[in-house]
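Single-letter residue listing:
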Amino acid sequence: MKSEYQIILKRLDDLERQGAIGAFDKQTIIDLSGDVIMEIAQKYENVQKGARGPVDLCIARTEAKRRSR
């Protein structure tokens, strides 16, 4: 699950660099993905343990962007 999530993040970065999506769209997708991961994780404890890393990364990125504004 982590490796798939990292691939998605890389694709989003690539799309943003190409101008296909904006920073807001990218962050919205990341935020919603985190919400979905946590919903799945609530049902499966072993998924929850593995999901925290990518979700924490998203939260850290979001907070860093908010502070830089």
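Provided above is the structure to which this section pertains.
Residues numbered from 1 in each chain as written. Predicted model: local features only at pLDDT ≥ 70, side-chain atom pairs only at ≥ 80, totals over all residues. Heavy atoms only, no water.

Engineer: Explain helix α2 (residues 23-43) to me, using residue names and the numbers behind them.
Structural biologist: End to end, α2 covers 31 Å across 21 residues, agreeing with the expected 30 Å (1.5 Å per residue, within 8%). Of all the positions in α2, only Lys26, Gln27, Ile30, Gly34, Ile37 and Ala41 are classed as buried. Projection of α2 onto a plane perpendicular to its axis shows the buried side chains occupying an angular sector of 95 degrees, all on one side. In this structure, α2 carries Phe24, Glu39, Gln42 and Lys43 as exposed residues pointing more than 90 degrees from its buried face. (Helix = DSSP H or I, 4+ residues; strand = E, 2+ residues; numbered from the N terminus. Expected span 1.5 Å × (residues − 1). Buried < 20%, exposed > 50% of the residue type's maximum accessible area, 1.4 Å probe, protein only. Arc of directions from axis to C-beta.)

Engineer: Which residues make up the nonpolar core, and what values do they have?
Structural biologist: Ranked by size, the top nonpolar core spans 6 residues in total: Tyr5, Leu9, Leu12, Ile21, Ile30 and Ile37. Those elements that place two or more of their residues in this core are α1 (2-18) and α2. If you tally residues by element for this core, the top one is α1, at 3 residues. (Core = buried A, V, L, I, M, F, W, Y, C linked by side-chain atoms within 4.5 Å.)

Engineer: Explain the pattern of salt bridges to me, and be specific about the residues and the numbers.
Structural biologist: For the structure shown, the criterion picks out 4 salt bridges. A salt bridge links lysine 26 to aspartate 13; the shortest N-O distance between them is 2.4 Å. One end of the pair, lysine 26, is in helix α2; the other, aspartate 13, is in helix α1, and 13 residues separate them in sequence. Taking the shortest distance from any N to any O, the salt bridge between aspartate 14 and arginine 17 comes out at 2.9 Å. Placement of the pair is aspartate 14 and arginine 17 together in helix α1, with a separation of 3 residues, close to one helical turn. On the basis of relative accessible area, aspartate 14 is assigned to the partly exposed category, the value being 22%. Its relative accessible area of 64% is what places arginine 17 among the exposed residues. Three or more residues are tied together by salt bridges with common partners; here these are Lys10, Asp14 and Arg17. (Salt bridge = Lys/Arg side-chain N within 4 Å of Asp/Glu carboxyl O.)

Engineer: Before we move on, can you summarise the packing of α1 against α2 with the specific residues and values?
Structural biologist: Interhelical geometry of α1 versus α2 gives an angle of 165 degrees and a closest axis separation of 9 Å. Put simply, α1 runs roughly antiparallel to α2. Crossing geometry of α1 relative to α2 is assigned as right-handed. Across from Tyr5, Leu9, Leu12, Asp13 and Glu16 in α1, the residues of α2 making contact are Ala23, Lys26, Ile29, Ile30, Ser33 and Ile37. The residue makeup of the contact of α1 with α2, split by class, is 7 nonpolar, 1 polar and 3 charged. (Axes fitted to C-alpha atoms, helices over the stretch in contact; angles between N-to-C directions. Parallel < 35°, antiparallel > 145°, perpendicular 65-115°, else oblique. Left-handed = near helix turned anticlockwise from the far one by under 90°. Contact = heavy atoms within 4.5 Å. Nonpolar A, V, L, I, M, F, W, Y, C, P; charged D, E, K, R; others polar.)

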